[in-house]
Protein chains: 2
Amino acid sequence: MSAITNAIHEKTSSMNRKEKELADFILEHAREIVHMGITELAERSGASTATISRFCKQLHFSGYAEFKVKLSAELAGEAAAPAYQDIVAGRPLTDIIAAVESNHLRAIGDTARLIDRKALERAVLALRSARQIGVYGMATSGLVAQDFHQKLVRIGRSAHAFTDHHMMLTSASNLTADDAAICISYSGRTAETISALRCARESGAVTISLTKFGSNLLADLADIALFTSPLEEGMRRGDMASRITQLFLVDILFVALISDQFEEYVPRLERSFQMVRKYT
Amino acid sequence: MSAITNAIHEKTSSMNRKEKELADFILEHAREIVHMGITELAERSGASTATISRFCKQLHFSGYAEFKVKLSAELAGEAAAPAYQDIVAGRPLTDIIAAVESNHLRAIGDTARLIDRKALERAVLALRSARQIGVYGMATSGLVAQDFHQKLVRIGRSAHAFTDHHMMLTSASNLTADDAAICISYSGRTAETISALRCARESGAVTISLTKFGSNLLADLADIALFTSPLEEGMRRGDMASRITQLFLVDILFVALISDQFEEYVPRLERSFQMVRKYT
DNA sequence: TGATGGATGTAAATAATTTTCTTGTTACTA
DNA sequence: TAGTAACAAGAAAATTATTTACATCCATCA
């Protein structure tokens, strides 16, 4: 709890009926109040503008404007909300923002703590020495695959990303022992991605899986298994935090790869951006 | 540097004399401004109240009051979060994980604080009532576009995502006044995406831009401008945090949309997952 | 040099906030 | 129980802040 909300809370006992109502409303809707005028707050809280103005002065602010600015600053320093939040009906926008924010933040934090440095290290080595890299995933994981592909292309690495099952297999069947395949599936149970990994493995390539943490077929089959935080099922509805954490891992892989061969890759990266700017 | 001060800084080059003076004063005295009224700021900075009010609108704030509240939040959040880390050579894996993690966390936090609820509200309304939704973006922003498209398809909305310039225009030219277009570009200066927005606008559709915060052509042209935190240029090298924050906004839009019409969309969403499971 | 357009300020209009004043309620006392 | 003091709370007036419309000025270019 912040200094201001705390002060309001403490003061509650010495308050009148209306003031208490107002205090409760403010504590309840702190994040929205920051964007309301005094009139709007008056309407929504059931108190008059005069009462609110007096309330702010009691808290030793110069007025409502200062109260808002201070409250805004306080809330900014705080985490949005602690735990995973599910999508529910008819919530105000402020709650939705806070919920999505906290889910994302938490998912990234959880995933960071879960990372197995040894496995990551091996994955980076495999990618570094791969002649060619195949990246496979369906639906949302397909987008993550494409994202990694885009990054690899930017540094001039030979890579392919596929979302189409047949093309995945076609690509995987042409990999060799010099190559690597990275197969992405949140559940680790996606049939198409599993068969792509099997095919890549049969071709002799090093296989890397990227799935949620926990036992799953894709991770079990892979040479190197990377994991993201497994989220509450409710949240999966939109494939939101799962995709964020997969991208987070892709980013780490990419940065590790670059950091490894900085002098070679960074100029290529810069050049690729400059060229895009030049020709568009 | 915060998102807002950064945006002001960038804009400096395209400013008039008085505006530049004002911008300098604001950058210099950011922490004091939070406690000044527009009149006091006018006196101290040497600009008129009118110029200040216009200045705030140019930065896409609803007015001086909102500017102050957002600035206050930014300055407070700044202190709480660690600074952005750039990619550098030969760092140990542990450092890389920590750096990427903190960049992502910070980017999400910054973006959350920056969100304009009014604009978001309008965007949600536009998307809710749209007959058809066109989603356009190039490269990394193209993946974000596809992500939003996938989400919309899951809830049975009629939507199209394109990365191919010609197809963007073809799609945008077929939109009507009943439709909406959302155009994604981190810089807000991507030629193809800008022309797609122009085309959609000409077709009568409601246009929504999703760009980094700060003045940019795409945002200026759009009916509704949504923003993500503008990151240090160094980080752009990999399009990492920018993509995370764009997805963050897409997630918020999606959740808001669902939350709005919960009874209709949630069963569709569940059904779409079940069907995928059933047939694979 | 005069026209044009944009930048900027002034002042009017509007909106937001604070204060004053009045009313109504409670609680205490005669 | 009626009277009254004390105070809470809102309506509305007063004040203050912000935005907008309009006028002016200045630089630029023909």
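For the structure, check the block above.
Let us look at the structure shown here. (Residues numbered from 1 in each chain as written. Chains lettered and ligands numbered in written order. Predicted model: local features only at pLDDT ≥ 70, side-chain atom pairs only at ≥ 80, totals over all residues. Heavy atoms only, no water.)

1. Remarks on the protein's contact with DNA strand C
And then number 1: The local shell around DNA strand C holds 17 residues, among which Ile38(A), Lys57(A), Gly63(A), Lys18(B) and Thr51(B) are the closest.
And then number 2: Close to the protein, within 4 Å, the atoms of DNA strand C belong to sugar or phosphate groups at a rate of 68%.
And then number 3: Within the side chain of Lys57(A), one N or O atom sits 2.9 Å away from a phosphate oxygen of DNA strand C.
And then number 4: Between Ser48(B) and DNA strand C, the recorded distance is 3.2 Å, taken from a side-chain N or O atom to a phosphate oxygen.
And then number 5: The element that contributes the greatest number of residues to the surface near DNA strand C is helix 5 (residues 49–58) of chain A, accounting for 5 residues. (Near = heavy atom within 4 Å. Polar contact = N/O pair within 3.5 Å; in protein donor to acceptor, adjacent residues only side chain to side chain. Helix = DSSP H or I, 4+ residues; strand = E, 2+ residues; numbered from the N terminus.)

2. Overview of the nonpolar core
And then number 1: Grouped together as the largest cluster of nonpolar side chains are 96 residues, with contacts concentrated most on Leu226(A) and Leu226(B).
And then number 2: Ignoring any residue separated from it by four or fewer positions in sequence, one finds Leu226(A) in contact with Ala119(A), Leu120(A), Ala123(A), Ile208(A), Ser209(A), Leu210(A), Thr211(A), Leu249(A) and Leu253(A).
And then number 3: With 31 residues, the next largest nonpolar core counts Ala7(B), Ala42(B), Leu59(B) and Ala219(B) among its residues. (Core = buried A, V, L, I, M, F, W, Y, C linked by side-chain atoms within 4.5 Å. Buried < 20%, exposed > 50% of the residue type's maximum accessible area, 1.4 Å probe, protein only. Contact = heavy atoms within 4.5 Å.)

3. So, the interface of chain A and chain B
And then number 1: Contact residues are listed per partner, giving 63 residues for chain A and 63 residues for chain B.
And then number 2: Here chain A meets chain B over a buried area of about 5700 Å², counting both sides, of which 66% is carbon and sulfur.
And then number 3: The salt bridge partner of Asp251(A) is Arg243(B), with a shortest N-O separation of 2.4 Å.
And then number 4: Counting the contacts that link chain A with chain B gives 19 residue pairs in polar contact (both at pLDDT 80 or more).
And then number 5: A breakdown of the residues in the side of chain A that touches chain B according to their chemical character gives 32 nonpolar, 13 polar and 18 charged. (Buried area = accessible area lost by both parts, 1.4 Å probe. Salt bridge = Lys/Arg side-chain N within 4 Å of Asp/Glu carboxyl O. Nonpolar A, V, L, I, M, F, W, Y, C, P; charged D, E, K, R; others polar.)

4. Here's the deal with the pattern of salt bridges
And then number 1: Evaluated as defined, the whole model comprises 27 salt bridges over all chains.
And then number 2: Arg128(B) is the partner of Asp260(B) in a salt bridge, and the nearest nitrogen-oxygen pair spans 2.3 Å. Note that Asp260(B) is positioned in helix 14 (residues 241–260) and Arg128(B) in helix 8 (residues 117–129), a separation of 132 residues in sequence.
And then number 3: Here Asp260(B) falls in the partly exposed class, since its relative accessible area comes to 33%.
And then number 4: Looking at Arg128(B), the relative accessible area reads 34%, which means it is partly exposed.
And then number 5: Residue Asp147(B) pairs with Lys151(B) through a salt bridge whose shortest N-O separation is 2.8 Å. A residue pair is termed a helical-turn pair when its members lie 3 or 4 positions apart in one helix, as Asp147(B) and Lys151(B) do in helix 9 (residues 139–154) at 4 residues.
And then number 6: One network of salt bridges, in which partners are shared, links Asp147(A), Lys151(A), Asp251(A) and Arg243(B).

5. Points about the protein's contact with DNA strand D
And then number 1: In the region of DNA strand D, 18 residues are neighbours, and Lys18(A), Thr51(A), Ile38(B), Lys57(B) and Gly63(B) sit closest.
And then number 2: Protein-adjacent atoms of DNA strand D, using a 4 Å cutoff, are sugar or phosphate at a proportion of 74%.
And then number 3: Contact distances for DNA strand D include 3.1 Å between a base nitrogen and a side-chain N or O atom of Arg54(A).
And then number 4: Lys57(B) is positioned with one of its side-chain polar atoms (N or O) 2.8 Å from a phosphate oxygen of DNA strand D.
And then number 5: For the surface near DNA strand D, the secondary structure elements donating two or more residues are helix 2 (17–28) and helix 5 of chain A together with helix 4 (38–45) and helix 5 (49–58) of chain B.
And then number 6: Here the surface near DNA strand D is built from residues that sort into 4 nonpolar, 9 polar and 5 charged.

6. Focus: the sheet that holds strand 4 (residues 206–212) of chain A
The pairing of strands in a sheet happens through backbone hydrogen bonds and is either parallel or antiparallel.
Residue and element names in this part refer to chain A.
And then number 1: The strand order across the open sheet built from 5 strands is 2-1-3-4-5, with neighbouring strands paired in parallel fashion. For this open sheet the edge positions go to strand 2 (159–162) and strand 5 (224–228), each flanked by a neighbour on one side alone. Within the sheet, the average angular offset between the axes of one strand and its neighbour, ignoring direction, is 15°.
And then number 2: Pairing of strand 1 (residues 133–137) with strand 2, which is carried by 4 bridges, proceeds in the parallel orientation. Bridged to Val135 within strand 2 is Ala161. (Pairing = 2+ DSSP bridges. Axes fitted to C-alpha atoms, helices over the stretch in contact; angles between N-to-C directions.)

7. A few points about the packing of aromatic side chains
All names here are of chain B.
And then number 1: Throughout the structure, instances matching the rule amount to 7 aromatic pairs over all chains.
And then number 2: Seen from their ring centres, Phe61 and Phe67 are 5.7 Å apart, and the 65° between their planes marks the pair as edge-to-face. Like Phe61, the residue Phe67 is buried in the burial classification.
And then number 3: Summarising the aromatic geometry, the rings of Phe61 and Phe213 are spaced 5.5 Å apart at their centres and angled 50° between planes, so their arrangement reads as tilted. A residue pair is termed long-range when its members are at least 10 positions apart, and Phe61 in the loop between helix 5 and helix 6 (64–80) and Phe213 in the loop between strand 4 (206–212) and helix 12 (217–221) qualify at 152 residues.
And then number 4: Three or more aromatic residues joined by ring pairs make a cluster, and in this case those are Phe61, Tyr64, Phe67, Phe213 and Phe227. (Phe/Tyr/Trp six-rings, centres within 6.5 Å; stacked < 30°, edge-to-face > 60°.)

Purely geometric numbers; function is a separate question.
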